[in-house]
Amino acid sequence: MPCVVVVGGFFGDEGKGKIIAYLARQYNPMIAARGGVGPNAGHTFVLNGKTYKVRMLPSAALNDSTRLLLGPGVLINPQILLDEIRNFEAQDRVFVDSTCGIINNDHIEKDNAEYPKTRLGTTGTGTGPANSDRALRTLRIAKEVPELFEYIEDVSNAINYSLDKKERVIIEGTQGTFLSLYHGEYPFVTSKDVTSSAVCSDVGVGPKRIDEVLLVFKSYVTRVGQGPLKNEIDNDEARKRGWTEYGSVTGRQRRAAPFDMDLALRSIRLNSATQLALTKLDVAFPSCKGSDIVDRSTSLNMHII
Ligand code: IMP
Ligand code: MG
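Because the structure is predicted, anything quoted here is derived from the model rather than measured. (Residues numbered from 1 in each chain as written. Chains lettered and ligands numbered in written order. Predicted model: local features only at pLDDT ≥ 70, side-chain atom pairs only at ≥ 80, totals over all residues. Heavy atoms only, no water.)

### Description of helix H2 (residues 78-87)
Of the residues making up H2, those classed as buried are Pro-78, Ile-80, Leu-81, Leu-82, Glu-84 and Ile-85. Along its buried surface, H2 packs onto strand S4 (50-54), strand S5 (67-70), strand S6 (75-76), strand S7 (94-97) and strand S8 (101-102). Where H2 begins, one side-chain oxygen reaches toward the backbone nitrogen of Gln-79, 3.1 Å away; that side chain belongs to Asn-77. Residue Glu-89 follows H2 closely and has a positive phi angle near 45°. (Buried < 20%, exposed > 50% of the residue type's maximum accessible area, 1.4 Å probe, protein only. Helix = DSSP H or I, 4+ residues; strand = E, 2+ residues; numbered from the N terminus. Contact = heavy atoms within 4.5 Å. Polar contact = N/O pair within 3.5 Å; in protein donor to acceptor, adjacent residues only side chain to side chain.)

### With respect to the coordination of the magnesium ion (ligand 2)
Protein coordination at the magnesium ion (ligand 2): the donors are Asp-13 (OD) and Gly-42 (O), at 2.3 to 2.7 Å from the metal. One end of the pair, Asp-13, is in the loop between strand S1 (3-8) and helix H1 (16-27); the other, Gly-42, is in the loop between strand S2 (31-34) and strand S3 (43-47), with 29 residues separating them in the sequence. (Donors = N, O, S within 2.8 Å, 3.2 Å for Na, K, Ca; no water.)

### Some remarks on the packing of aromatic side chains
Enumeration according to the criterion identifies seven aromatic pairs in this entry. Across from the ring centre of Trp-243, 4.9 Å away, lies the NZ or CZ of Arg-241, which sits over that ring. (Phe/Tyr/Trp six-rings, centres within 6.5 Å; stacked < 30°, edge-to-face > 60°. Lys NZ or Arg CZ within 6 Å of the ring centre and 35° of its normal.)

### A closer look at the site of ligand 1
Around ligand 1 there are 16 residues in total, and Asp-13, Asn-40, Thr-123, Thr-190 and Arg-252 lie nearest to it. The separation between a nitrogen atom of ligand 1 and a polar side-chain atom of Gln-175 is 3.1 Å. Take Arg-252: an N or O atom from its side chain is 3.0 Å from an oxygen atom of ligand 1. When the free accessible area of ligand 1 is taken as 470 Å², the share hidden by the protein chains comes to 96%. (Near = heavy atom within 4 Å. Areas by Shrake-Rupley, 256 points an atom, 1.4 Å probe, with all protein chains shown as cover.)

### Concerning the nonpolar core
Within the largest apolar cluster, 30 residues are counted, with the highest numbers of intra-cluster contacts made by Val-5, Phe-11, Leu-69, Ile-159, Ile-171 and Ile-210. At four residues, helix H6 (residues 155-164) tops the list of elements feeding residues into this core. When sequence neighbours within four positions are dropped, the list of residues in contact with Ile-159 reads Ile-31, Ala-33, Leu-69, Val-169, Val-203 and Val-205. Of all hydrophobic cores here, the second largest spans 28 residues; its members include Ala-61, Val-74, Leu-82 and Ala-90. (Core = buried A, V, L, I, M, F, W, Y, C linked by side-chain atoms within 4.5 Å.)

Structure (structure tokens):
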């Protein structure tokens, strides 16, 4: 800290939500700001045996004293956002940039057509068509939506002001490095860049203000939708290894492969990572379950979660 950006190292679903929720409770940041694409993401975290999922709010949502911001690069589905604000009773601490793009039913319909839904395997949540309208400059933005009026804020200003005061800020990415429109295997990618630089731009923070880039890997690789996956194993083998997972937004079974060191090294470079988090070590190596480890960079006693 004080300003850490958290991004996914592979194809999303590395466990960013869990890591961010953990950091939020450890460090009590003043602000958690979400970058990334939009409600195509699903972040899951568990507290006291209860499972929470967010698609629009930052994963620091359970921390009552953290202000939850959505940067101008993030696409909003107003219905999903308003439901989450209500569920987390976060009316007083959610802020949305006035220029966040707005997803409508037409975008969702287009995203569920043969191409891109079947051929690319998109989530069907309307994010690609909405970003396409944004590039055409026909997309509606948050300040045009009366239901969002009370949440509007200048997100870049709010974060930079907080950093001037040396307050702690978490910037949350979504998806994963190799789903980036530029750095993944086109066309099997999402509708914008999702590496650390892009996530900072999404919330309006320049590269020199970032103290740590925390890159999250899972101990094996998963991918949903189409596109290459090196050393992919079949469903039976995945079940044997306990690597069977289902997408939190679409419910689709995730494809699985062993940890890919070449991909990880490329991801570290693309994001200029300063810290790594590795999730599900106990799934890949059951003997690790419950072990304590020490994160030497921060002298933090960490528990494998
Ligand atoms: P889109 O982002 O819905 O356009 O989907 C493009 C590709 O990114 C598809 O392969 C999706 O499965 C994948 N994708 C998008 N969001 C996520 C995510 O949050 N986790 C994992 N995969 C995702
Ligand atoms: Mg996910």
